[in-house]
Amino acid sequence: MGAKRRGAAAAPAAPGKKRGKQDVCAQLCAALSDLALKERAAEAWERGEPLQHEAVSVEPAPFRHGVISGFLAGPAFPEALRDELLGLSFRGRRNDLLSLQQSEDLGGSSEPHVAALRHALREEFRAWLSAVTQTELEPTLDISCAKYEYTDVLLCHDDELEGRRIAFILYLVPAWEKSDGGTLDLYSTDEHFEPQQIIKSLVPSWNTLVFFEVSPVSFHQVSEVVSRKCRLSLSGWFHGPACARAARRSQPAPPRSPHLPCDHEILYEWINQVYLDMDSQAQIQEEFEERSEILLKDFLKKEKYQLLCEALQDKDIQWSSRGPANKRLYEAAEENSLPEGLKGFLRFLRSEAFFLLLSNFTGLKLHFLAPSDEDEDAGEGQAADSAGHSSPKAEQEGSEAHADGDAQQPASVPEAQDGSGSSPLCTGELRRWTHGHYTLVHDTQATEFALDLLFFCGCEDWDPDYGGFTSYIAKGEDEELLTVNPEENCLALVYRDKETMKFVKYINHQSLARMKKHPNRAGFWDFSFVYYE
């Protein structure tokens, strides 16, 4: 149900046109001609009551929808329609919300069976739907064909777009079981019109049409196809007069905090020494300023990284699901349940010394000692000096003294001074990713300039085909600007502007194969932080 283009009405046949092989007629099932059944369906729809009939059913929950079995009369037409659709050109669509193959809009298609079905939908079925739903539906019809194959999915959304009133899906699938995936999952909603949980799953069935009312609560998804079957369907929308839409709740932004007072000693404790060298930092900054992103491999000391990975498998860690499903689905750690090693790493990411190091890596003013654009030349070495990096020689001496356990320690990072302007802030969390997890692009995501940090753990042998990568796109576009793949002991830094948005790609069924090599690793972890100047 992802297409958004509206199809034009097909031109009527010219008077006196010779009848030929293209004059195909689509006959709808006899149940739609039963006036008594239509009246019962309309009454059930209006009252919000269920109606069960062997051919037509209407259900009020979680939102009003109906199912028509054997929608097209006779076996020949739906089979010919299926063959015709499979001969169309499809384009692969891959973005935050979906992975599938889709045809062009079929509103003007001249394929005989497609044209015949479109005519039957626009005339006979539209009249039936208008009577049942008591909505004056327009002749305008959006319609396209989709193929869902192994690992294809359409995540939680509500279909709301101006003018859409009734959505429909006609399934032309082989014998299908719930275990094949590809179900149409319907969500309940809370008092804020946000999706809560799946309470009904409709299994695709040959020549069955599902329709539902498009509304602020019509959240649904197509679950991932996990078999090698092809889930072929025709879907679209009937349009009608706009109805009132309740304002969406604005979710509160994650809390931000200033850095934690901590001297540079914490850097020596955690970081690979190569990244504490001034020349390395200068090279990193040069590359970052040119590309606005960088990946720092083997970022932590090997022994610290191993301890971190072991701590992440602690069974006492409490994980909470993050939603709502139309924006995200993953697990985040409750910090008070973390073992001390993980708490220590979070303190490191929030420390004053690390803020200053990030300034050295990126050229951003994430500490009051970091040079601004105005005084960059005059104070070029000040930030490095204050972190104990007065020169390459001094750095080497400092690290050797630290490694030998010498009592001589470098100076602490100075306290932030009053009147130094707005303080740099950060927000972050520890996340766990596994099959079925994702985040989606949404309207409130890109609002200001920010530095994103991602540090990955437990992702050895992770294949990008599994998903789980972070993708950056320009607002309103599908084309990727940058992809950050999970890599062991790697720190990714990405600077984004107000027009750049991001998402974590849905982790698909293929990821489960990795458990053959790593039985205790269904997914991976990352530390996700955002820093603001």
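Quick caveat: nothing in here was measured; it's all calculated off a predicted structure.

Peer 1: Quick question: what am I supposed to make of the confidence of the model for the chain here?
Peer 2: Interpretation of this model should avoid reading the predicted coordinates in detail wherever pLDDT is low. Mean pLDDT over the chain works out to 88, with 86% of the residues at or above the 70 mark. Low confidence marks residues 1–21, where pLDDT is under 50. Its contacts with residues over four positions away, or in another chain, come to 45 contacts. pLDDT under 50 marks residues 377–420. Its contacts with residues more than four places away, or in other chains, come to 65 contacts.

Peer 1: Would you take a moment to explain the pattern of salt bridges for this structure?
Peer 2: Oppositely charged side chains can pair when the atoms bearing their charge come close. Counting across every chain of the model gives 19 salt bridges. The partner of Asp 452 in a salt bridge is Arg 496, with the nearest N and O atoms 2.6 Å apart. A residue pair is termed long-range when its members are at least 10 positions apart, and Asp 452 in strand S19 (residues 450–457) and Arg 496 in strand S22 (residues 491–496) qualify at 44 residues. The pair Asp 452 / Arg 496 is uniform in exposure class, with both members buried. Lys 502 is the partner of Asp 452 in a salt bridge, and the nearest nitrogen-oxygen pair spans 3.2 Å. Here Lys 502 lies in strand S23 (residues 500–504) and Asp 452 lies in strand S19, a separation of 50 residues in the sequence. The residues Asp 452 and Lys 502 share a single accessibility class, namely buried. Residues participating in the shared-partner salt-bridge network are Glu 287, Arg 291 and Glu 293.

Peer 1: How do you make sense of the environment of Lys 200 when you look at a structure like this?
Peer 2: Relative to the elements of secondary structure, Lys 200 occurs in strand S9 (residues 195–202). Between the C-alpha atom of Lys 200 and that of Leu 186, which follows or precedes it by 14 residues, the distance is 5.3 Å. Contact partners of Lys 200, with chain neighbours within four places excluded, come to Glu 59, Ala 61, His 65, Leu 184, Asp 185 and Leu 186. Within the structure, Lys 200 has its side chain in polar contact with the side chain of His 65 (distance 3.0 Å).

Peer 1: What's the story with the nonpolar core in this structure? I'm lost.
Peer 2: It is characteristic of soluble globular proteins that their nonpolar side chains tend to be buried jointly. With 47 residues, the main nonpolar core has Phe 299, Phe 348, Phe 354, Leu 453, Phe 455, Phe 527 and Tyr 531 as its most contacted residues. The greatest single-element share of this core, amounting to six residues, is contributed by helix H8 (residues 352–362). Not counting chain neighbours up to four residues away, the residues in contact with Phe 455 comprise Phe 299, Leu 300, Tyr 305, Leu 308, Phe 345, Asn 489, Cys 490, Leu 491, Trp 525, Asp 526 and Phe 527. Counting residues in hydrophobic clusters, the runner-up holds 44 residues, among them Ala 26, Ala 41, Leu 106 and Phe 238.

Calculation rules
- Residues numbered from 1 in each chain as written.
- Predicted model: local features only at pLDDT ≥ 70, side-chain atom pairs only at ≥ 80, totals over all residues.
- Heavy atoms only, no water.
- pLDDT = per-residue confidence, 0-100.
- Contact = heavy atoms within 4.5 Å.
- Salt bridge = Lys/Arg side-chain N within 4 Å of Asp/Glu carboxyl O.
- Helix = DSSP H or I, 4+ residues; strand = E, 2+ residues; numbered from the N terminus.
- Buried < 20%, exposed > 50% of the residue type's maximum accessible area, 1.4 Å probe, protein only.
- Polar contact = N/O pair within 3.5 Å; in protein donor to acceptor, adjacent residues only side chain to side chain.
- Core = buried A, V, L, I, M, F, W, Y, C linked by side-chain atoms within 4.5 Å.

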